Amino acid sequence: MVKQTIQIFARVKPSVRKQQQGIYSIDEDEKLASSLEIVLPRDLADGFVNNKRESYKFKFQRIFDQEAKQEIIFEIIAKPVAESTLAGYNGTIFAYGQTGSGKTFTITGGAERYSDRGIIPRTLSYIFEQLQKDSSKIYTTHISYLEIYNECGYDLLDPRHEASKLEDLPKVTILEDPDQNIHLKNLSLHQATTEEEALNLLFLGDTNRMIAETPMNQASTRSHCIFTVHLSSKEPGSATVRHAKLHLVDLAGSERVSKTGVGGLLLTEAKYINLSLHYLEQVIIALSEKHRTHIPYRNSMMTSVLRDSLGGNCMTTMIATLSLEKRNIDESISTCRFAQRVALIKNEAILNEEIDPRLMIVRLQKEIADLKAELAMVTGEQRTEALTEAELLQLEKLIASFVEDQDPESRLEVGADLRKIHYCFHHFKKLLNDKKTLENTDSSESTTQQACQEPVKDEEYTKLRSLLKQRDNEINILVNMLKKEKKKTQDALQYSSTEKSEARPPPNSPFIAGSPAGQRTSFSSSLSQTQDLSVYRHRSSLLHKKTGMREEMSLGRQEAFEIFKRDHADSVTIEDNKQVLKQRFSEAKALGESINEARSKIGQLKEAISQRHLQQVALGIAESMAPPSTPDPQEQKLRAQLEEEKSRYKTTFMRLKALKVEIEHLQLLMDKAKLKLQKEFEAWWAEEASSLQVNSPATNLQDAAKPFPQQDQTQLLSKKSHPVQAAGFLRSLLPSHPPQTQPFQATG
């Protein structure tokens, strides 16, 4: 447990040149806390006696003047809190101050330069850097981003945030358990495994945040935002899990309505902001007072969410942002007074460790088993439940190793379980009886072994016979398929020769043995046979990968499946779906690139608007002129382009989302078509096999060999033992590219 007060720091915003700077001084002491003195001289021109104080002095842990860089702010303020979060302690950093004093710049940062990054992106970079270095633990990181606007909570990471109105989104509500722990309903948690994913979530949340232009600030945040990093760590093999959360809070700025003169929606927002900050101050005052029993956390949503951060289990740090211009001196003094009250609050941060419930269950089960064993040993009562099969197998292995061990000092360790001890005695008794029976029946055992070998031979003979029958069926089916394809080829060639009126020799005319044409035919047939075998092996390897066919499918059956698939009516549909799916993938890739381009363009336009603001301010300073009251046309043009890019980003994102659904549907259709093709082939194959059982395989082979010469017929019969070689040989006699007259229809 770590007991410490809330750490307070002050940061002075750089002043605008045309605004009159107030008088202040900073006294830094290495041993003691730094002090800030604000001098407010009396103005005798008011016409009355001014008895106000002229000097106000406040103490802080450290004060950062106007020249302080973002890197120094992170190293001194945020880095210690991030280190404690990695160690398992809760942490909170929140910025407090008036509108336009630099809270959002300190917490989130600016978009102009990389060095202007704020506390949130630098903390994310530091956390993920440390996680990569520490390989001794397993870390899990989740991100949430809560916006409190007009006392209503909204999830900034909700994907519907840009597509819907704010009032149509589900509101984040607070639930409290009996232990007074706060749970937020409708607030999403997104896992971030890398720094890039976490920064993308931060960018998405900042894009959805409520921002408006006020007389005090051109881009004033009109809501309180709480960016939370949930971190859990666990050592491998350990039952202890550490949970920690880090709140990075950007409060909305307080402003005096009478001073700014806002109205309408801005007035409503200002009332809610000031009311929530008033309730925050009430909680701070109640916590700083001694003997106070009731703390009004439930008055506002922000104080309810930050209950642990204010006087609870958390290491909290506050940054008071000050705008020490003469017109803002009163608000700066009020901010410093609030910080002094915050410094009186003491938090008690504890290490958030808990035992993994699953490992605890395993540990308790083992402890219960040990206690039952001790109880059974002491009382001598046998347990009612029986030993499991795994326990019995383990006991038999222990007994076998004990019997085979020749060491006289070896012992049989089965524990203090009487059930296991009794089973060991019964098993020893069984082994002894079996040994006696074995010695008396040696001759009868040899006779039994001979009798057992005969059924084994019969079984092997039956298996070989069924395998031979299966191969015969495959050869017959392939021969029938090749005969049908050859007949279709002959019909197509005769039809084409009739049209052209050219006399051509028939494709199945026999050649004279020993002639050059016969030699070329035999050579081409052997060459095509070799090519068919190589092509078939490649197809069969692809068949296992693409169609998911069983590995035990024979080669002949696979060849039949390839021909069946080629002539199937759904093959065209599958190819069309493949082409459409390829086009959709290309379109999705183009949409993704368009989304990245729109996101980059949005960042560039925001940076251009900020540059335009700086140019206008510099021009006004150089010409000693007041800022123009009319809006800048170039800035309006940039803002119109920004809205157009946001609309394009949203439209492209919705198209990509719809395209993803279409791609998944196409993939499902292709899977269904492949499954249907496989089922129809199985049905066709079973029908062909059943029809072949009626006819004799030898007769089918003779019929299939009739159109061929006697020598080729002998070669075909010699290759009966290998169906793929027979199929390749028959295919070699067909033309190399037969025309497809009609889809192949398998018949019995």
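Residues numbered from 1 in each chain as written. Predicted model: local features only at pLDDT ≥ 70, side-chain atom pairs only at ≥ 80, totals over all residues. Heavy atoms only, no water.

1. Points about the overall build of the protein
Here is the rule we go by: Strands here are runs of E lasting at least two residues and helices are runs of H or I lasting at least four, both read from the DSSP assignment and numbered beginning at the N terminus. Relative accessibility decides the category of a residue: with a 1.4 Å probe and only protein chains considered, values under 20% of the type maximum give buried, values over 50% give exposed, and everything between is partly exposed.
The secondary structure content of the protein amounts to 19 helices and 19 strands. With 748 residues in all, the protein has 37% of them scored as buried.

2. Considering the side chain of N313
Counted only if it meets this: The term polar contact refers here to a pair of N or O atoms within 3.5 Å; inside protein, the definition further demands a hydrogen-donor-capable atom paired with an acceptor-capable atom, and it admits residues adjacent in sequence only when both atoms are side-chain atoms. It only takes one pair of heavy atoms within 4.5 Å for two residues to be counted as in contact.
Mapped onto the fold, N313 is located in the loop between helix 7 (301–305) and strand 17 (315–322). Overall, the relative accessible area of 16% leaves N313 in the buried class. At 2.8 Å, the side chain of N313 forms a polar contact with the backbone nitrogen of I350. Beyond its immediate stretch of four places on either side in the chain, N313 contacts N90, D308, E348, A349, I350 and N352.

3. Describing the sheet that holds strand 5 (residues 55–60)
Applied cut-off: What makes two strands pair is DSSP finding at least two bridges between them. For helices, the fitted axis covers only the stretch in contact; all axes are lines through C-alpha atoms, and the angles between them, taken along N-to-C directions, range from 0 to 180 degrees.
What the three strands build is an open sheet, ordered 3-4-5; its pairing is antiparallel. Where the open sheet ends on each side, the last strands, each with one partner, are strand 3 (23–27) and strand 5. Geometrically, the sheet is characterised by an average inter-axis angle of 20 degrees between neighbouring strands, direction not taken into account. With six bridges connecting them, strand 4 (residues 34–39) and strand 5 associate as antiparallel partners.

4. Brief notes about the pattern of salt bridges
The condition is simple: Only one rule defines a salt bridge in this text: a Lys or Arg side-chain nitrogen within 4 Å of an Asp or Glu carboxyl oxygen.
All chains considered together, the criterion is met by 19 salt bridges. Here D116 and R113 are joined by a salt bridge, their closest N and O atoms 3.3 Å apart. According to the relative accessible area criterion, D116 is buried, its value standing at 8%. Across the pair R341 and E281 runs a salt bridge, and its minimum N-O distance is 2.2 Å. With R341 in helix 8 (residues 329–342) and E281 in helix 6 (residues 265–288), the pair connects residues that are 60 residues apart, well separated along the chain. Taking relative accessible area as the criterion, E281 reaches 25% and is therefore assigned partly exposed. A single network of salt bridges, built from pairs that share partners, joins E176, R298 and R307.

5. Describing the pairing of strand 17
Of all eight residues making up strand 17, eight are buried, and the element is well covered by its neighbours. The pairing of strand 2 (residues 7–12) with strand 17 spans six bridges and is parallel. Looking at the pairing, A10 lines up with A320 of strand 17. As paired strands, strand 7 (residues 91–96) and strand 17 are joined by six bridges and run parallel to one another. Looking across to strand 17, one finds that Y96 is bridged to A320.

6. A closer look at the packing of aromatic side chains
The condition is simple: Between the rings of Phe, Tyr and Trp (Trp by its six-membered ring), a pair exists once the centres lie within 6.5 Å; its type follows the angle of the planes, with under 30 degrees stacked, over 60 edge-to-face, and the other angles tilted.
Enumeration according to the criterion identifies six aromatic pairs in this entry. Ring centres 6.1 Å apart and planes at 65 degrees place the aromatic pair F74 and Y126 in the edge-to-face group. Note that F74 is positioned in helix 1 (residues 70–87) and Y126 in helix 3 (residues 119–133), a separation of 52 residues in sequence. No difference in accessibility class separates F74 from Y126, as the two residues are buried.

7. Considerations on the packing of helix 10 (residues 389–404) against helix 11 (residues 418–440)
The test is simple: Here the word oblique covers every angle except those under 35 degrees (roughly parallel), over 145 (roughly antiparallel) and from 65 to 115 (roughly perpendicular). Crossings are classed by handedness, with left-handed meaning an anticlockwise turn of the near helix from the far one by less than a right angle and right-handed meaning a clockwise turn. Three categories are distinguished: nonpolar for Ala, Val, Leu, Ile, Met, Phe, Trp, Tyr, Cys and Pro, charged for Asp, Glu, Lys and Arg, and polar for the others, with Gly belonging to the last.
Here helix 10 crosses helix 11 at 55 degrees, and the two axes come no closer than 11 Å. One way to sum up the angle between helix 10 and helix 11 is to call them oblique. The element helix 10 and its partner helix 11 pack so that their crossing is right-handed. Facing L392, L395, E396, I399, F402 and V403 of helix 10, the residues of helix 11 in contact are K420, Y423, C424, H427, F428 and L431. Here the residues of the contact of helix 10 with helix 11 sort into nine nonpolar, one polar and two charged.

8. What about the UniProt feature "coiled-coil region" (unreviewed entry) in the protein?
Formally: UniProt positions are given in the numbering used here, feature names are shortened, and annotations may be inferred rather than shown by experiment.
Listed under "coiled-coil region" (unreviewed entry) in the UniProt record, and renumbered for this structure, are residues 639–676. Taken end to end, residues 639–676 is 100% helix and 0% strand, and its two terminal C-alpha atoms sit 56 Å from one another.

9. Examining helix 11
Heads up, the rule is: To estimate how far a helix should extend, the number of its residues minus one is multiplied by 1.5 Å.
The end-to-end C-alpha distance of helix 11, which contains 23 residues, comes to 34 Å, matching closely the 33 Å that a straight helix rising 1.5 Å per residue would cover. Those residues of helix 11 that fall on the buried side of the exposure criterion are L418, R419, C424 and H427.

10. Here we look at the packing of helix 3 against helix 4 (residues 195–207)
At their nearest, the axes of helix 3 and helix 4 sit 10 Å apart, and the two run at 160 degrees to each other. Comparing their axes, helix 4 and helix 3 come out roughly antiparallel. You can see that helix 3 and helix 4 cross each other, and the crossing is right-handed. Two secondary-structure elements touch here, helix 3 through I120, P121, L124, S125 and F128 and helix 4 through E195, A198, L199 and L202. Of the residues in the contact of helix 3 with helix 4, the class split is seven nonpolar, one polar and one charged.

11. Re the side chain of R122
We apply this condition: For the charge count, each Lys or Arg is scored as positive and each Asp or Glu as negative, with His and the chain ends excluded.
With respect to the helices, strands and loops of the structure, R122 is situated in helix 3. Buried and unpaired, R122 has E71 as its nearest opposite-charge partner, separated by 5.2 Å. In this structure, R122 is in contact with Q70, E71, F74, Y114, S115 and R117, ignoring residues within four places of it in sequence.

12. A word on unusual backbone geometry
In the Ramachandran plot, N150 falls in the positive-phi region, its phi being about 55 degrees despite a non-glycine side chain. With respect to the helices and strands, the residue N150 is situated in the loop between strand 8 (138–149) and strand 9 (152–155). The phi dihedral of E151 falls on the positive side, at around 65 degrees, and the residue is not glycine. Note that E151 resides in the loop between strand 8 and strand 9.

13. Points about the UniProt feature "binding site: ATP" (unreviewed entry) in the protein
UniProt records the feature "binding site: ATP" (unreviewed entry) at G97, Q98, T99, G100, S101, G102, K103 and T104, using the numbering of this structure. Its place among the elements puts T99 in the loop between strand 7 and helix 2 (103–107). For S101, the position within the fold is in the loop between strand 7 and helix 2. According to the relative accessible area criterion, S101 is buried, its value standing at 3%. Residues in contact with S101, not counting those within four places in the same chain, are K13, T321, L322 and S323. Side-chain polar atoms of S101 contact the backbone oxygen of Q98, separated by 2.8 Å.

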